[in-house]
Amino acid sequence: MFKFRIIGFILLMALLGGIFFWKAGGFWLFLAAAPALVGAAAAEFAAMLKSSGRMAFPLPTGILVWLIAVASLAMPAGNAGLVAFLMIAVIFTALAGLLSMRKEMLEGVLNSLGVGVLMTTPLVLLLMTYLIEPYGYWLLFICLVTKATDTGGYIVGTLTAKLPGGNHKIAPGISPKKSWEGLAGGMILSLAVAWAFYYFGGGMPLAWAMLAGVVLSLGSFFGDLTESAVKRLCGVKDSGSFVPGMGGAFDVLDSFLYNGILFWMLFYSLLLWWK
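Everything quoted here is computed from the prediction, not taken from an experiment.

Within the protein, the secondary structure is distributed over 10 helices and 0 strands. In the protein, the succession of α and β elements from N to C terminus is α-α-α-α-α-α-α-α-α-α. Considering only residue pairs separated by 6 or more positions, the protein has 70% of its internal contacts joining residues 24 or more positions apart. With an accessible surface of roughly 14300 Å², the protein has 76% of that area assigned to carbon and sulfur atoms.

Shown next, in the form of structure tokens:
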């Protein structure tokens with residue numbers, strides 16, 4: 001399991017390296033990979049619902065979320081009309097599905113629409129941070145600060161669990177391994193990453209960088225906890241097997257469920273700060 005986790009990590013790092021540092025093709029690599037990951041996450045969410053006995057349509061849900069994500073990124077200057085058209089098409093398709101007068105169709109349409117809204121809004125907002133100039137900088141910031149919470153929390157949580165008496169659990173009914181000590185360790189590492197961006201990259205006040213570190217760290221924690229709650233309700237361990245050793249696409253993106261929205265709130269506060 002650990003071997004596959006290492007392989008999955010290396011693959012993700014290679015993909016991120018190409019996206020952020022390949023000047024000629026980084027954006028096209030991002031456009032090919034990122035919406036596909038978001039669409040896969042939405043499909044996995046719907047599949048978890050279906051596996052728990054609830055009606056849902058995983059493949060159509062994933063395809064529609066993927067199309068909306070691509071449309072939101074492909075034409076930054078004039079994509080609003082295309083995104084609106086796709087959303088209207090989704091609504092019309094859903095309404096037409098209700099004409100079947102079948103109870104399972106009603107449940108499936110509503111579940112899939114719910115999954116689509118819950119996944120599309122924060123994750124497409126996350127992807128759109130790539131388009132803020134300088135391209136890729138802010139997406140790299142949010143990715144590293146967010147995932148620092150996962151890494152720091154895992155390391156500190158694992159070490160403190162071995163102490164006499166163990167560590168202090170936060171929500172054992174949802175995620176038995178999450179502890180206050182792990183949350184503190186993850187937040188410290190997120191703050192360190194945010195400080196590094198301030199120190200080496202500039203372009204932001206130190207106080208804002210520290211605020212972003214705290215807010216995104218908490219968003220990461222609650223995103224992970226939210227997915228754990230969904231998986232527990234659906235009776236599954238992993239959302240899928242999209243990434244070797246790491247589970248599914250939803251498992252990779254869960255820590256961004258809140259941060260895709262929280263970052264834009266932080267970013268606009270930064271613009272006001274500069275004024």
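Further remarks concern the pattern of salt bridges. Tallied over the entire structure, the rule returns 4 salt bridges. Here D224 ties to K178 by a salt bridge, and the two come within 2.4 Å at their closest N and O atoms. In this pair, D224 sits in helix α8 (residues 206-234) while K178 sits in the loop between α6 (137-161) and α7 (180-201), placing the two residues 46 residues apart along the sequence. Of the residues examined, D224 reaches a relative accessible area of 17% and is grouped as buried. By relative accessible area, which is 17% here, K178 ends up buried. One network of salt bridges, in which partners are shared, links E227, K231 and D251.

The peptide bond linking E133 to P134 adopts the cis configuration, its omega dihedral lying at -5 degrees. The residue P134 is located in the loop between α5 (103-128) and α6 in this model.

On to the packing of helix α2 (residues 26-51) against helix α3 (residues 58-74). At their nearest, the axes of α2 and α3 sit 7 Å apart, and the two run at 150 degrees to each other. Considering their axes alone, α2 and α3 lie roughly antiparallel with respect to each other. In the crossing of α2 with α3, the sense of the turn from one axis to the other is right-handed. Judged by residue contacts, F27, F30, L31, P35, A36, V38, G39, A42, A43, A46, A47 and K50 of α2 engage P58, T61, G62, V65, W66, A69, V70, L73 and A74 from α3. Each residue belonging to the contact of α2 with α3 can be placed in one class, and the counts come to 17 nonpolar, 3 polar and 1 charged.

Relative to the assigned elements, A148 resides in helix α6. The spatial distance from the C-alpha of A148 to the C-alpha of V193 is 7.3 Å, given a sequence separation of 45 residues. Ignoring sequence-local partners within four residues, the contact set of A148 consists of G153, G186, L189, S190 and V193.

Turning next to α8. Along an α-helix, residues three or four apart share an orientation, since each turn contains 3.6 residues. In a regular helix each residue adds 1.5 Å, so 29 residues correspond to 42 Å; α8 covers 42 Å between its end C-alpha atoms and thus fits that length. G235 sits one or two positions beyond α8 and adopts a positive phi of about 75 degrees.

Summarising the element assignment, S220 is placed in helix α8. Among residues more than four places away in sequence, those in contact with S220 are T146, T149, D150, S255 and N259.

A separate point is the nonpolar core. In a soluble, globular protein the nonpolar side chains are often hidden away together inside. Counting 55 residues, the largest nonpolar core has M119, W138 and F141 as the members making the most contacts within it. Here this core gets 12 residues from one element, more than from any other, and that element is α2.

Rules used in this analysis
Residues numbered from 1 in each chain as written. Predicted model: local features only at pLDDT ≥ 70, side-chain atom pairs only at ≥ 80, totals over all residues. Heavy atoms only, no water. Helix = DSSP H or I, 4+ residues; strand = E, 2+ residues; numbered from the N terminus. Contact = heavy atoms within 4.5 Å. Areas by Shrake-Rupley, 256 points an atom, 1.4 Å probe, with all protein chains shown as cover. Salt bridge = Lys/Arg side-chain N within 4 Å of Asp/Glu carboxyl O. Buried < 20%, exposed > 50% of the residue type's maximum accessible area, 1.4 Å probe, protein only. Axes fitted to C-alpha atoms, helices over the stretch in contact; angles between N-to-C directions. Parallel < 35°, antiparallel > 145°, perpendicular 65-115°, else oblique. Left-handed = near helix turned anticlockwise from the far one by under 90°. Nonpolar A, V, L, I, M, F, W, Y, C, P; charged D, E, K, R; others polar. Expected span 1.5 Å × (residues − 1). Core = buried A, V, L, I, M, F, W, Y, C linked by side-chain atoms within 4.5 Å.

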